[in-house]
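Structural features, examined
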Amino acid sequence: MECKEVKNTLPFKRFDLYNTTAYVQNHTLINRGIVTIGGSTVPQCIMSNNKYEAQERAIMGGVYLAASYLTPLMLLPLYNKHFLKNKGITKSLEDVGKKIIQVPKKYLKPDADLKQGLDETAKIFDKKAGTNEHKKAYDEIYDRYDNPEKLKKDLLDVHEKVLTTDFMTTAAMWSAIPWIATETTEKRTNRKDFSAGFNLKNDSDKKQNKGLKLALNLACCVVPALLFSKTVTKGLSKNFAKAEKGEGLLNEVENKVLKKISDNPDRFEYTSGTNMSKTIYASIWALSSFPAKIISSRDENERKDRALRDAGLFAMFFGGDYLLNNIMGRTADKFLGTKIMEDKGENLNFVQKFKLGIKNFNTLENEKGLSKECLKKTKNVGAGLYWASLIANTALIGFALPKALNKFLRHNIDKENNAELPVAGRKEALDYGEMLYKKSFNN
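First, a word on scope: everything that follows refers to the structure included in this document. (Residues numbered from 1 in each chain as written. Predicted model: local features only at pLDDT ≥ 70, side-chain atom pairs only at ≥ 80, totals over all residues. Heavy atoms only, no water.)

This part takes up unusual backbone geometry. With the exception of glycine, the majority of residues adopt a negative phi angle, and the majority of peptide bonds are in the trans configuration. Of note, Asp146 is a non-glycine position whose phi angle comes to about 55 degrees, a positive value. Locating Asp146 in the fold gives a position in the loop between α5 (133–145) and α6 (148–189). The class for Asp146 is exposed, based on a relative accessible area of 66%. For Asn190, which is not a glycine, the phi torsion comes out positive at approximately 60 degrees. Within the secondary structure layout, Asn190 lies in the loop between α6 and α7 (210–237). (Helix = DSSP H or I, 4+ residues; strand = E, 2+ residues; numbered from the N terminus. Buried < 20%, exposed > 50% of the residue type's maximum accessible area, 1.4 Å probe, protein only.)

Our next topic: helix α4 (residues 114–129). With 16 residues, α4 extends 23 Å from end C-alpha to end C-alpha; this agrees with the ideal 22 Å at 1.5 Å per step. Those residues of α4 not exposed but buried are Leu114, Gly117, Leu118, Thr121, Ala122, Ile124, Phe125 and Asp126. Considering only its buried residues, α4 is in contact with α5 and α6. Of the residues flanking the start of α4, the one acting as N-cap is Asp113, its side-chain oxygen 3.2 Å from the backbone nitrogen of Lys115. (Expected span 1.5 Å × (residues − 1). Contact = heavy atoms within 4.5 Å. Polar contact = N/O pair within 3.5 Å; in protein donor to acceptor, adjacent residues only side chain to side chain.)

Its 28 residues place the ends of α7 41 Å apart at the C-alpha level, agreeing with the 40 Å of an ideal helix rising 1.5 Å per residue. Residues of α7 that are buried include every one of Lys213, Asn217, Cys220, Cys221, Pro224, Ala225, Phe228, Ser229, Val232, Thr233, Gly235 and Leu236, and no others.

Attention now moves to the nonpolar core. If you look at the biggest cluster of nonpolar residues, it comprises 50 residues, and the most contacted ones within it are Ile89, Ile100 and Leu155. Of the residues forming this core, the biggest block, 11 residues, is contributed by α6. If we ignore the near neighbours within four places in the chain, the residues touching Leu155 are Leu84, Ile89, Ile100, Leu108 and Leu114. Counting 13 residues, the second-largest nonpolar core is a separate cluster that includes Tyr18, Val24, Ile340 and Leu375. (Core = buried A, V, L, I, M, F, W, Y, C linked by side-chain atoms within 4.5 Å.)

Following this line, the structure appears as structure tokens:
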């Protein structure tokens with residue numbers, strides 16, 4: 001949970017495009033919220049096939065925003081304080097030492113200097129508070145343990161419990177959202193199939209086993225949370241310099257995964273102790289939310305729509321934004337003389353450079369070797385390009401994706417309707433289906 005020094009961390013304190021951009025860049029849920037509103041909820045409501053589908057998407061978007069942005073602010077601080085006290089690291093829920101949870105994970109690895117991490121983190125908080133109370137609190141904890149490795153182990157255990165609990169809580173909320181929307185539609189319309197096809201076909205006679213689906217949804221929330229958090233802890237706590245090499249393909253794969261975690265501890269941080277990283281976010285989405293959406297689908301058409309829609313959203317959110325930022329950022333660096341992109345060596349190939357991505361706007365001012373003029377230009381151009389790529393990404397998600405999925409849905413329903421009729425009536429059925437499709441949203 002890396003603690004970073006940020007000037008004007010909250011954009012509503014004073015509107016400033018660069019500071020606001022830095023805040024959004026480092027808060028995955030805020031970034032995702034903008035994409036959800038601009039690239040999912042609003043445009044996909046507009047692109048819906050009828051008013052019932054539009055209402056469902058509006059409900060899902062609204063509940064998602066409330067669940068994703070309000071609950072972490074309330075629950076994560078409670079999780080942090082509770083597990084620290086429960087482990088005996090802090091003595092009370094309001095102990096000043098509770099912010100020890102924000103010591104970067106890189107200092108909890110076996111070969112790391114924990115004292116350095118404690119001092120650096122305390123310095124940041126004490127500078128803001130104008131006191132030395134955090135330094136005193138961390139020193140008291142460190143001296144009380146008298147064993148850095150034991151303190152590391154206990155802190156990693158707390159991190160694991162926080163991650164597990166947050167993973168489960170978030171997964172449960174996200175998995176419940178489709179149920180809330182679809183149950184609302186069923187109560188209002190007394191129809192059980194995918195709402196996008198209401199004006200295109202009749203409901204199927206197939207009965208749905210909601211009890212089994214809910215049980216599978218619950219499993220998707222619990223099992224991945226346990227496995228993911230334990231794997232992260234194992235990767236961060238393993239000393240690869242002293243570890244013996246295991247034999248076999250499974251051991252080789254496991255070691256590669258654990259080494260990847262060990263080499264990238266920052267990818268598993270919570271900014272300010274409450275905002276999950278993109279890696280954690282992506283894991284909850286892929287391992288819990290996505291399969292839960294597929295399981296809770298009302299029919300085959302909705303299952304296909306959700307699979308393709310979420311896959312497209314996932315690819316654009318984690319890949320499209322990254323790709324656009326790379327193209328725009330590297331173009332600006334080349335022709336405008338900015339320093340937007342990370343550059344950790346001159347001998348890197350295209351793929352290696354692409355993986356570096358854009359710089360962290362929160363720490364850009366501390367970068368050495370940048371003139372005031374270059375820094376100013378980099379901040380202004382970088383912030384503008386960041387929002388330009390975000391807007392372009394949301395446009396693709398919001399309009400291009402649903403337009404393609406609507407055509408796919410209509411094609412599938414036409415095939416279903418056509419297969420159920422005698423040959424003589426199929427041409428008329430297709431013509432009638434096309435007429436209904438064009439009028440469906442107004443009806």
